[in-house]
Structures are given as structure tokens and as C-alpha cells.
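Inside the fold
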Amino acid sequence: MPDLSSNCAGIRSPNPFWLASAPPANSGAQIQRAFDHGWGGAVWKTLGTPIQNVSSRFGAVDVGGTRAVGFNNIELITDRPLEVNFREIYETKKKYPAHAVVVSLMVETREEWKDFIKRAIDSGADGLELNFGCPHGMCERGMGSAVGQEPKVNEEITSWAVEYSTVPVLVKLTPNVGDIVPHGLAAQRGGAHGVALINTIKSIIGVDIDKMVLEPRVGGLSTNGGYCGAAVKPIALHMVAQLARSAEFDIPISGIGGVANWRDAVEFILLGSSSVQVCTEVMLKGYRIVEDMIEGLEEYMRSHDFATIDQMVGKAVPSYSEWGDLDMNYETVAKIDASSCIGCQLCMVACHDGAHQCIHQDEGGSRVPVVDESECVGCNLCQIVCPVPDCITMAEVDNGFAPATWNQHMAGQGKLRPKKGAH
Amino acid sequence: MSKIANERAENVFTDFKAPYTPAQALVEANRCLFCADAPCIQACPTGIDIPQFIRKIATGNVKGSARTIFDSNILGMSCARVCPVEVLCVGKCVYNEMGVPPIQIGKLQRHSTDVAFDEGWRFFEAGADSGRSVGLIGAGPASLAAAHELRRHGHACTIYDKRSVTGGLNTTGVAPYKMKADRSADEVQWVLEIGGIDVQTGVEVGADLSWDELVSRHDALLLGVGLGPDTELPVDGAQLSGIYGAVDFIERFKLGAVDLSDVRRAVVVGGGNTAVDAVRELVGLGVAEVTMLYRGVEAKMSGYAHEWAAGKLEGVRAHWQAQPVAFEGQAAVEGVRCLRLDDQKQPIEGSEHVVPADLVLLAIGQSKLEQLLTGLSGVTFERGRVVVDEHQATAQAGVWAAGDCANGGKEVVNAVAEGKRAALAIHAHLGGS
């Protein structure tokens, strides 16, 4: 039986699944209900000087009939009285001593940081998460991503927090930067015990084309919000992996961004996350999604011989290489399984219009397209558009060439195979 | 335990609802809305968390999906095939409210449970030995579900059945285009793999084994004996050959060979689900002309409308508002003499006529087993059913009842739900928590 318990920067939880600091972690009653469903931890919705929110607050991108593939919000930090939040943190920790309760904080002055940190720890927080990520509203007031985008400010505030805290400190990073590494390193220099990323991405979710106003609409105006949901996962995976592979960066990561099921969570863990935070999928489907996440992760660990989460963390990081170090002589071609092909010919049109014109109609009259393997560059596009699972596979070709990279080639070493499709 | 014969007349049937390929299951699973407080769950007598098991198919966690199903309903494999989902879970899918085709819950459940059987996944272990023992009479769905649940709590179980085959009506009565007898036998094996369930076939309680002996052997008893033989129609000519009870006839072709080569025209008397099954089965077995003969009108028949609609598509004929008054023929039946009935089901004078038939199946109900159970003191009956409370307890302390003998004849899924409910009550009675 695999052990799902996790230790992220010294914050322990029965499993690596935490609620992210967001509406699902807004109150003690919610978080306790989430723990009853199986969530291992929660990052309390950010505490600071309570704010007032607007109406409406959320928008979503639907794709091909699937609702809310991407999501954004212009909601701010907690709007509930601080004493109520702190009392509920205390009650929650008392009822759930083995679960992780991390308190997210966002204030301005050194004195405020000191005061809030003390109150959070006095309430029983297992860890703190410094919200340097919120890309809307709070950044206009000099907080959130305004801090996260300035490594010096990040480092300085982090160092205050670490000085005042007796529990682990995570710094939540904003993705609204060109390169995440300097920001992760700033947190590390400030003494952070770990980082959490990504926060939401600055976005405009859509425009009401009849009213000609951005969404989500607040009367006749709107503003940019924070983008999240399944659509942002690739951006989040990249940033997590960038830090995980950085030679200088060596503190734990709590991964966030588009996690909707156990598979997504496994990806974050393999790229270096020791806990995984979820918000949007919970907002869309409820706390009960965690049952499948736990079961799916457990089964994955069993089938891949992992006894602990620690053994999994970062397992895919070494595969993240520079382009110049990829083997140029590795060759694949598309194979279409005629017996499962349904004849939609989406692969053919994609190849003709969007790739290298090597999938053709069968001259014998069959609807099953034919791959010209001498021209196929192995780009994957046909496999991506195919609606039938496993109908198109990318088969490795033994072309007789020894592995050779672009960098080797530029250094006058290694022999590259002839180009395909370049005429 | 006896094996199901390989050569069975039912083998000519194929699935009315074909199983999903993995790709089909994935497409359908991704359509599920994952409703909260879902109406489909409320419509399932065993309360399977349907949205959760479907989500697990969608994420690739088929094993977890099967676990969710079996945790609520250990006979989830057969229920996926035999449940009238059109009037249960699928009928309550919220997509119906939208005019969108409802989620095919039965087919998705079949997908997960079939994969579980194929892969040989095991989910449950027997509880620590409680030192207590329960006797279960009848080896059908009610007893199997109860015994499995009792084993999870560590109670020893012995199932007694007078027949040589186990599985009850799941083995001997399910329409073969839904499930065949060997698949039911597979399921019985699967249930028994939890261990600690002793199955004694060929033992008729009351004849081979006295009720007093049974009571002395066990700390609690569960009655899961089902219903008795087909009700007969006591009219002139009832002794002619070619006239069978429908349940009896169905068992014959499910477990062995039947020769219908001389049968051109068959009549099934009745309008319930057994009648609807029987007419469709006779068509499938190759009878050229099959007629359902029912006293009422089409709209009032108790058989499921969706099953009857399928029967009509398959070519079944109907003879509505007719009352058999005699069977015609010399040695073998040649026809059914009938009277027309009016809307009040009163005979219409001068309406006598003969419907030709060289095979007649009677699907007008099954007798209750009150007589069998008379040797067991304290158990009370009402309209032939064993009277039970909300925990399936009979009036006799230490005796519970579940399935058709207590509910008068419902679905497999009802028997499973009642068997499990009884098991939990028995567990509490035996000091469990």
C-alpha cells in the first residue's frame, strides 16, 4: 500500500492534495467539509485588511461545448472579519490536527506582517503562504503581483516573514513575469522554506459583443482578472519545472495551476511538486473530486512501484532538456490502424493544411488515409486531431544514424540524418 | 457446485445492448455532468454513487470506478445488464429535462464491472472472524448480497439452495439478450471469492433439513427463497402437452436445449415483465409467430413499455382484452379459446374465438412460498409475502427476509438492496456496530 502522506517544506499532510487559497478555502466550515471529503490540506483564503468585492466576479471560456476550460476572476482577498477567520483557523486545526492548514497572507507594512504572522501562528497555522501573486486589484494597491514581480521586494518581505515566523513559509509566485527563476531565487534568498506556483495569469476572459464590455461585467466596465483552470496547466508545469531544474534553486515546491484530476497532480509531482493545490475544479465540481484523485494517485503509485510521494517528486525533471541537446536523429512516423479508423480524415486535412502534406487519400477508394512515411516528419499533428484513441500511433524508425544533437553538430561532431519534408 | 451446461438454447442470443468499447465509454463518461445530490443515485435502490463512478472512468481510474460500484452493489455486474435503467437511473438523468439523450449509466456500469471481472480485481476482504454464523436460504441475489456483506463483518455464512445451480433467477430467469446463465455463474464465483461462504446446493429446507435444525445451527437466518412455481390456469384442456409455466420454460432454455422445431405459433398469456421477456425470447428462439395474450389494454399492461416497444420491433404480435377460457387440442395444445373483455375487463357475450397455438406459456404470476415457510414458526405473511420491517426483519426474532419472497417480486437490484440492508441489521443484532 503506497504512502500518500506528503511533506512540503516541513508542512505535513495525509495526502499531497491541498485546497488553494481561493473561494473553496474561504471559511472554516468549508475547509472542514473538504477535509471530511479527503483533502489533505488547505491554504486559507488570503488574510489581510478585509476588502469589499464587486459583482460580478467570475468569467469562463467554453471550448467546443465543454464548459469552463479556462476561468478567471476579479475577486480579491478575504472580505470576512479577521477575528472570525482566526477563530475558525483555530477551530479547524483543533478538529483536524493531522491536516495541513496553511494561512495565506497579504499585507503592506513590516508591522502588519509581524502582527498577521503572529496571529496566524497563534491560531494554529501549520505554515504560511505569502501571496505575492494576485494580478488584479491588490497589485494596484502595491501588494500581490506588484511584490512578486520585484525580486528585491519579494526577498525583503520574505525575509521579514521568515524572521517573524516559527512555522514554514511558502512564497506564492506570480506567473506574470518573463522568467520565473529569478523570482523563485529571490524567495529562496529571503529564507523561504518553499514556493507555491503559479498564481493566476493576468487576463481578459472575453468581451460581451452586444454590450461591447469586457467580462465579467461590473455595470458598464470591467477589469483584467486572473486566469486559471485546466487551460493554464501547461504554463504552470513549465514554471514549476523551470524552478525544479534550476541548479541554484533548491527549496520545495507546492504546485498549482489547472489541476483537475489525479493525472494532472501526478504530472506536477513528477516535475518537482511535493504538494499540489487545487481551486478551479473544486469550484466547478465540488470537494468530492478528491476521492478519485486519492484513488487514482494511489493506483498510479502502486502500478509504478512508488512507495512514497518523495520517491515520485521530480522524477520527470531530468527529461527536461535544452532544444540543442535533443537527438536530431530520433525519428518517428505516423501509423494509422485501419481497423479502428472511422474515416473522418481529420488527420489528412490537418497534415495537408497544417503540417507536411504526407497523409493522402487512399487511391483504392478506402476512407482510411495513407501515410507517406518517406515524407512524414513525425510531428504528431495527425495523432492529436484523431478522435479515436490509439488509432494513430507514432512509431520509432531505425534509420541507422547514431544519436546527434544540434549542439554537437554545431561543434562539428555527429552526423545528422537528411531532413524530411523540407522541399 | 454444479457447472452450467455449455450447450444451451439461450446461446443463440446476442446482447440487446452491446457493450461499450473503451473509446465509447470514454465519450459517454465525459458527457456526465457530475450532478450534486444526483437524481440517478436517488433512483438506484442500492444507492450507487453513479456520478463518481462515471467520473472515474473519465479520468482513467476504471479500477476505482468498479470499486465505487461494488462497494454499494456487489452484484453490480449483473445489475448493469438486467436493471430496467430506463425507469430507474437513466430515466432520472437530468439530461432528460433538457431534451438531450440521458447518460447510458447501465452500459458504463457494465464497462467498469466487466473490466474488473476480466482483470480479476478484488476489492473486499472478509472481516475478522466474529465467531457468529448466519444461515441464508436460497442462493439468489438477496442471499448473495447479504452473505458478502456479512463476510465483510466477519460472520460465517452458509447458503442453502434446493437447486443444483446457484444465482437464483439471475441464472435461471434473466432474458438471455441481457445476460446468460454462465455469466451469472461467474458472478456467483466472484462474490464467493471473499471466502467463508459455504454453499450447500441440493438441500431443500423443510424436506432435507428441518427448520428446527437450521435454527439450532445458526445465530441468525435470512430467507431469500424467492417465489414459487408459475401460477396455473385451471381451465379445460390445461393438461394438454405444449402448455408451460413461463418461468419454468425460460429456465429450461437457459440451462439446456429445447426443441421448438415443431412450433409455428406460440401464445404467451400475461402482460407483465415475464410475459414481455417470454415473447421476445420465443421470437429469438425462432418461433415464427408469437402472440402476447393479455386481458387488458396495451396502456395498462404492467410490463415495461421500453421492453414491449422492443418486442414489437422484433415482430411480436399482441391480442389485447382477451381472457382464455379453455385450451383446445387432442393430446397437444392447438389453440386458446378466448372471450373478448370490455374496458372493465368483463366478458363480452358472443365473443368467443380461438387463437391458434402449438405452444402456450403462462406468465400470469408465481405462487408464493408460504407453504414452504410454514415450518418456521413466528414468520407472518400478507398476501403470500413474508412480512418484514424497514430492516427486513420478520416477526420472528432472529429471522430476516429479502428479495422476491418479501417484496412480492421486484428487480435484482431490489433484492440486492434488501439483502444488504438485512445483512447490516443482522450484523447489528449479532453485536456489531
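Just so it is clear, the model here is predicted, and its values are computed rather than measured. (Residues numbered from 1 in each chain as written. Chains lettered and ligands numbered in written order. Predicted model: local features only at pLDDT ≥ 70, side-chain atom pairs only at ≥ 80, totals over all residues. Heavy atoms only, no water.)

Once that is clear, we can look at the overall build of chain A. Of regular secondary structure, chain A possesses 14 helices and 20 strands. The C-alpha atoms of chain A give 24 Å as radius of gyration, which agrees with the globular expectation for 423 residues (22 Å, within 12%). Across chain A, contacts joining residues at least 24 apart in sequence account for 71% of those joining residues at least 6 apart. (Helix = DSSP H or I, 4+ residues; strand = E, 2+ residues; numbered from the N terminus. Rg over C-alpha atoms; globule rule 2.2 N^0.38 Å. Contact = heavy atoms within 4.5 Å.)

Helix and strand counts for chain B come out as 17 helices and 15 strands. The C-alpha atoms of chain B give 22 Å as radius of gyration, which agrees with the globular expectation for 433 residues (22 Å, within 12%). With respect to the principal axes defined by its C-alpha atoms, chain B has extents near 70 × 55 × 40 Å. In chain B, which comprises 433 residues, the share counted as buried stands at 55%. Within chain B, contacts between residues separated by at least 24 positions form 70% of all contacts whose residues are at least 6 apart in sequence. Once the 40 positive and 53 negative side-chain charges of chain B are each reduced to a mean point, those two points are 5 Å apart. (Buried < 20%, exposed > 50% of the residue type's maximum accessible area, 1.4 Å probe, protein only. Lys, Arg positive; Asp, Glu negative; His and termini not counted. Charge placed at Lys NZ, Arg CZ, Asp CG, Glu CD.)

Once that is clear, we can look at the domain arrangement of chain B. All names here are of chain B. When the domains of chain B are assigned, the result is domain 1 (16-119), domain 2 (133-228 + 367-429) and domain 3 (243-362). A separation of 34 Å is found between the C-alpha centroids of domain 1 and domain 3. If you look at the interface, domain 1 gives four residues, while domain 3 gives five residues. Summed over both sides, the interface of domain 1 with domain 3 buries roughly 360 Å², with 74% coming from carbon and sulfur. Across the contact surface, domain 1 and domain 3 share one residue pair in polar contact (both at pLDDT 80 or more). Taken together, the residues of the side of domain 1 that touches domain 3 break down into three nonpolar, no polar and one charged. (Domains from an automatic or database assignment. Buried area = accessible area lost by both parts, 1.4 Å probe. Polar contact = N/O pair within 3.5 Å; in protein donor to acceptor, adjacent residues only side chain to side chain. Nonpolar A, V, L, I, M, F, W, Y, C, P; charged D, E, K, R; others polar.)

Taking 1.5 Å per residue, 12 residues should reach 16 Å; helix α11 (residues 181-192) of chain B reaches 17 Å between its end C-alpha atoms and fits that length. When α11 of chain B is considered as a whole, its buried residues turn out to be Ala-181, Arg-183, Ser-184, Glu-187, Val-188, Trp-190, Val-191 and Leu-192 of chain B. (Expected span 1.5 Å × (residues − 1).)

With that settled, the discussion passes to the packing of aromatic side chains. Both the distance between ring centres and the angle between the ring planes are used here to describe each pair of aromatic rings. Residue and element names in this part refer to chain B. For the structure on display, the rule yields 17 aromatic pairs over all chains. Residues Phe-16 and Tyr-177 carry aromatic rings whose centres are separated by 6.4 Å and whose planes lie at 70° to one another, so their mutual orientation is edge-to-face. On the criterion of sequence distance, the pair formed by Phe-16 in the segment before α1 (22-31) and Tyr-177 in the loop between α10 (169-172) and α11 is long-range, its members being 161 residues apart. Accessibility expressed as a relative area gives 6% for Tyr-177, which makes it buried. One aromatic cluster in this structure is built from Phe-13, Phe-16, Tyr-177, Tyr-244, Phe-249 and Phe-253. The lysine or arginine in question, Arg-55, covers the ring of Phe-34, its NZ or CZ lying 5.2 Å from the ring centre. Over the ring of Phe-16 we find Arg-280, and its NZ or CZ is 4.4 Å from the ring centre. (Phe/Tyr/Trp six-rings, centres within 6.5 Å; stacked < 30°, edge-to-face > 60°. Lys NZ or Arg CZ within 6 Å of the ring centre and 35° of its normal.)

This part is about the pattern of salt bridges. Side chains carrying opposite charge are able to pair once their charged atoms draw close together. This model, assessed by the stated rule, comprises 46 salt bridges over all chains. For Arg-245 of chain A, the salt bridge goes to Glu-322 of chain A, with nearest N and O atoms at 3.1 Å. One end of the pair, Arg-245 of chain A, is in helix α7 (residues 233-245); the other, Glu-322 of chain A, is in the loop between α11 (309-312) and β17 (331-336), with 77 residues separating them in the sequence. The salt bridge involving Arg-183 of chain B is made with Asp-114 of chain B; its shortest N-O contact spans 3.0 Å. Separated by 69 residues along the polypeptide, Arg-183 of chain B in helix α11 and Asp-114 of chain B in helix α8 (residues 105-119) bring together distant segments of the chain. Summarising the burial analysis for this pair, Arg-183 of chain B and Asp-114 of chain B share the class buried. Salt bridges sharing partners connect three or more residues here, namely Asp-15, Arg-81, Arg-110, Asp-114, Arg-183 and Asp-186 of chain B. (Salt bridge = Lys/Arg side-chain N within 4 Å of Asp/Glu carboxyl O.)

Take the domain arrangement of chain A next. Taken domain by domain, chain A consists of domain 1 (6-319) and domain 2 (323-410). Its C-alpha centre places domain 1 of chain A at a distance of 39 Å from the equivalent point of domain 2 of chain A.

All names here are of chain A. Strand order across the open sheet formed by four strands is β5-β6-β14-β11, with antiparallel pairing between neighbours. Strands at the two margins of the open sheet, each flanked by one partner only, are β5 (58-63) and β11 (201-203). Between one strand axis and the next, the sheet turns by 45° as a mean value, whatever way the strands run. In this structure, strand β6 (residues 66-73) lies alongside strand β14 (residues 225-228), joined through three bridges in antiparallel fashion. The partner of Phe-71 across the bridge, within β14, is Cys-228. (Pairing = 2+ DSSP bridges. Axes fitted to C-alpha atoms, helices over the stretch in contact; angles between N-to-C directions.)

Together, Trp-323, Leu-326, Trp-406 and Met-410 of chain A line one region of the surface with nonpolar side chains, adding up to about 460 Å² of accessible area. With respect to the secondary-structure elements, Met-410 of chain A resides in helix α14 (residues 406-410). (Patch = residues over 30% accessible without salt bridge, like charges linked within 9 Å, V, L, I, M, F, W, Y side chains within 5 Å. Areas by Shrake-Rupley, 256 points an atom, 1.4 Å probe, with all protein chains shown as cover.)

A separate point is the interface of chain B and chain A. The interface is formed by 16 residues belonging to chain B together with 14 residues belonging to chain A. Sorting the residues of chain B by area buried against chain A places Phe-34, Arg-55 and Thr-59 of chain B first, and these three jointly supply 40% of that buried surface. Our enumeration of links across chain B and chain A arrives at five salt bridges. Of the charged contacts in the structure, one is a salt bridge between Lys-56 of chain B and Glu-295 of chain A, with a shortest N-O distance of 2.8 Å.

Right, let's talk about the pairing of strand β10 (residues 333-340) of chain B for a bit. Residue and element names in this part refer to chain B. One ladder, built from seven bridges, connects strand β9 (residues 322-329) with β10; its direction is antiparallel. Residue pairing for β10: Ala-326 is matched across the bridge by Arg-337. Between β9 and β10, which pair antiparallel in sequence order, lie three residues. As paired elements, β10 and strand β11 (residues 353-356) share four bridges and run antiparallel to each other. Bridge assignment links Gly-335 to a residue of β11, and that residue is Pro-356.

Here we come to unusual backbone geometry. Between Ser-55 of chain A and the following residue, Ser-56 of chain A, the backbone shows a cis peptide bond with an omega angle of 0°. Here Leu-197 of chain A and Ile-198 of chain A are connected by a cis peptide whose omega angle stands at 10°. The topology assignment puts Ile-198 of chain A in the loop between β10 (194-197) and β11. Positive phi, close to 60°, is recorded for Lys-345 of chain B, a residue that is not glycine. The residue Gln-392 of chain B is not glycine, and still its phi comes out positive at about 70°. Looking at where Gln-392 of chain B falls in the secondary structure, it is placed in the loop between β14 (385-386) and β15 (399-401).

Now for the state of the cysteines. Going through the model one piece at a time under the given rule, you end up with zero disulfides over all chains. No disulfide involves Cys-358 of chain A; its nearest neighbouring cysteine sulfur is the one of Cys-351 of chain A, lying 3.6 Å away. For the unlinked cysteine Cys-79 of chain B, the closest cysteine sulfur is that of Cys-83 of chain B, found at 4.5 Å. A relative accessible area of 3% places Cys-79 of chain B in the buried class. (Disulfide = S-S within 2.5 Å.)

Residues and elements named next belong to chain B. In spatial order, the strands read β5-β12-β6-β7-β8; together these five strands make up an open sheet with parallel pairing. Sheet topology places β5 (243-245) and β8 (317-319) at the edges, where each strand pairs with a single neighbour. With strand direction ignored, the average angle separating the axes of adjacent strands in the sheet is 25°. By the bridge criterion, three bridges tie strand β7 (residues 289-293) to β8 in an arrangement that is parallel.

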